[in-house]
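Structural overview
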Amino acid sequence: MTTIHGLPKVLINAAGEAWRAISRPRELRQTPVALVNHDTGWSAAFMAEADRLKSDSQVQCFFDHVGSTAVADLPAKPIIDILVTLTDWQAADAVSRSLRNQGYRVEEKIGGADPRRFLTRTGTPDSPAFNLHLVPTDSEWGERMVAFRDALVHDEGLVQQYAALKTALAEKHAEDLDAYTSGKAMFVEGVLIEIADAFSNSSLLTHQRVELDRAQQLQVASLSVQFLVAVVAAGSVFFNDGPTLLTFAFVGFTLALAWFEIGRRGGRHRTAGNQARRAVLLASGLGQSVSPSQRLRIFDGFALSIRGRRLVREEDYFASRCRPGFQRAAELVEESAYWTGDLQKTSAGVVAAILVVVGLVLCAAAWRGVVDLTSDAQINAARVMIAALVFVLSSDVLGALLGHHQAAHAIAEIFRRIETTAARGYPEADVLLLMSDYNAAVESAPVVPPLVYRWRRRDLSRRWRAYLAAKRS
């Protein structure tokens, strides 16, 4: 649905009137509703008519096959809808006259901020009937028609739902096209709102959470694979025969390839989640919408679908209720820094605890090897210890510990700077620098270990509410 990537606000504002995108002039509504099964020849008929009209047109225009006849497996009235977009709306009258000379009749002519013309041509034994929708470039009404068509084309389940609804309405309102069309209004409105929501701040927040959660899961998987490599290396010291050692080597090599692939995927998910966070800070904080091309790039970068998931509402995610601007952006950074700073600090403690446990185990093994074991057993124990040390170093547990500490310190400093920024009235340069520094600190920080967020969520929520109450008082 790339045709509507830059239109979320337009679609939201227009959703209440979405049914008009498939309505007909009042004088045409009191006619029988006769649905037929989809005809594969409709697409060819559209192409032939579009080519014929384009060759006769003196004005540059674009032709889109819209309506139910443009969707495979969807029953429809045997009337082909064509959306004609004029690059020069000043020529609309001249184009209408030309179309009348070709057998079309002007049924509806609407001006205002979103002008359009509606023309019809009755069918013949050799040609189907056509409805022509004449609109200017960037027409909201035309974009809704294309958006709804694209939603159906790319979702078979949606087609089945719409087909069932149309069939039921056609049976119930067989003699009233107006009632039939109005009955579809709620369905069309819901689809357009869902399309708009796909590019909302709540959608970005949901993508951010889903992508970063997957990155966290893959980080755990990566550590698990590295641990298995260490186990294979440690196990190999107890065998001396060639075939067994070759088997260990093969298993280790396979695990190494798996580790590489897991790391690659984890990096992709983390990059996508970070991109979503930056976009949210701009859109929700500053009220700035990125260009359609940038928005397309952001959403194409998401590797996971959020379809069927409950959206993360920005009202539930952020406590700030300021209108978009530099104060709200600073408050979003403040809240985010409070949470992420604590999570990084807690993660540093968790990693430190893991290192202490590993160190104690190694020390115990070394002590037993020195005191109790035979010479050969001591050698094997030493090899196992070396394998464990290699795991600790290769998995960069020490690096993760330092990374968590550095991130917690950097984010805490950003949190303190926000108070100074607020005292100065939220200057633009200061807020933008805070946003940049916060993003850099978060993106360079190690992934938070699993369960840390769940462990800290309740306490952090309570403390944050108390902090906000203290600020307001």
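Relevant structure appears above.
These notes cover the structure that comes with them. (Residues numbered from 1 in each chain as written. Predicted model: local features only at pLDDT ≥ 70, side-chain atom pairs only at ≥ 80, totals over all residues. Heavy atoms only, no water.)

This part covers the packing of helix α5 (residues 140-153) against helix α8 (residues 185-197). Contact pair α5 / α8: the axes reach a minimum separation of 10 Å and the direction vectors enclose 90°. What the angle tells us is that α5 and α8 run roughly perpendicular. Contacts between α5 and α8 pair Arg144, Ala147, Phe148 and Ala151 from the former with Phe187, Val188, Val191, Leu192 and Ile195 from the latter. (Axes fitted to C-alpha atoms, helices over the stretch in contact; angles between N-to-C directions. Helix = DSSP H or I, 4+ residues; strand = E, 2+ residues; numbered from the N terminus. Parallel < 35°, antiparallel > 145°, perpendicular 65-115°, else oblique. Contact = heavy atoms within 4.5 Å.)

A few words on the layout of surface pockets. Estimates place the volume of the largest pocket at around 1,500 Å³. Along its surface, the largest pocket is lined by 47 residues, and Arg209, Asp213, Tyr317, Leu343 and Tyr453 are the ones closest to its centre. When residues of the lining of the largest pocket are traced back to their parent elements, those giving at least two are α9 (201-236), α10 (242-286), α12 (314-317), α13 (326-371), α16 (428-444) and α17 (452-472). Considered class by class, the residues forming the lining of the largest pocket number 26 nonpolar, 8 polar and 13 charged. (1 Å grid on protein atoms, 1.4 Å probe; cavity = no way out; pocket = protein on both sides within 12 Å on 5 of 7 lines; lining within 4 Å. Points joined across faces, edges and corners; volume = space filled by probe spheres on them. Nonpolar A, V, L, I, M, F, W, Y, C, P; charged D, E, K, R; others polar.)

Despite not being glycine, aspartate 138 shows a phi value in the positive range, around 65°. Turning to its location among the elements, aspartate 138 is positioned in the loop between β5 (129-136) and α5. Of the residues examined, aspartate 138 reaches a relative accessible area of 68% and is grouped as exposed. The phi angle at tyrosine 426 is positive, at roughly 55°, despite the residue not being glycine. Within the element layout of this structure, tyrosine 426 appears in the loop between α15 (397-423) and α16. (Buried < 20%, exposed > 50% of the residue type's maximum accessible area, 1.4 Å probe, protein only.)

With that settled, the discussion passes to a nonpolar patch on the surface. Side chains of Phe227, Leu228 and Val231 sit close together on the surface and give an oily, nonpolar patch of about 260 Å² of accessible area. Looking at where leucine 228 falls in the secondary structure, it is placed in helix α9. (Patch = residues over 30% accessible without salt bridge, like charges linked within 9 Å, V, L, I, M, F, W, Y side chains within 5 Å. Areas by Shrake-Rupley, 256 points an atom, 1.4 Å probe, with all protein chains shown as cover. Salt bridge = Lys/Arg side-chain N within 4 Å of Asp/Glu carboxyl O.)

Before going further, it helps to examine the packing of aromatic side chains. Following the criterion strictly, the structure yields 10 aromatic pairs and no others. Ring plane angle 85° and centroid distance 5.3 Å describe the contact between phenylalanine 299 and phenylalanine 302, whose orientation is recorded as edge-to-face. Judged by relative accessible area, phenylalanine 299 falls into the buried class, the value being 12%. The rings of Tyr338, Phe415, Trp464 and Tyr467 are connected pair by pair, giving a single aromatic cluster. (Phe/Tyr/Trp six-rings, centres within 6.5 Å; stacked < 30°, edge-to-face > 60°.)

Right, let's get into the nonpolar core. The biggest cluster of nonpolar side chains holds 29 residues, and the ones touching the most others in it are Leu204, Phe302, Val333, Met435 and Tyr438. Of all the secondary structure elements, the ones that give two or more residues to this core are α9, α10, α11 (292-300), α13, α15 and α16. Excluding its chain neighbours within four sequence positions, the residues that come into contact with phenylalanine 302 are Leu204, His207, Glu211, Ala272 and Ala276. Formed by 22 residues, the second largest nonpolar core is a distinct cluster that contains Phe46, Cys61, Val95 and Leu119. (Core = buried A, V, L, I, M, F, W, Y, C linked by side-chain atoms within 4.5 Å.)

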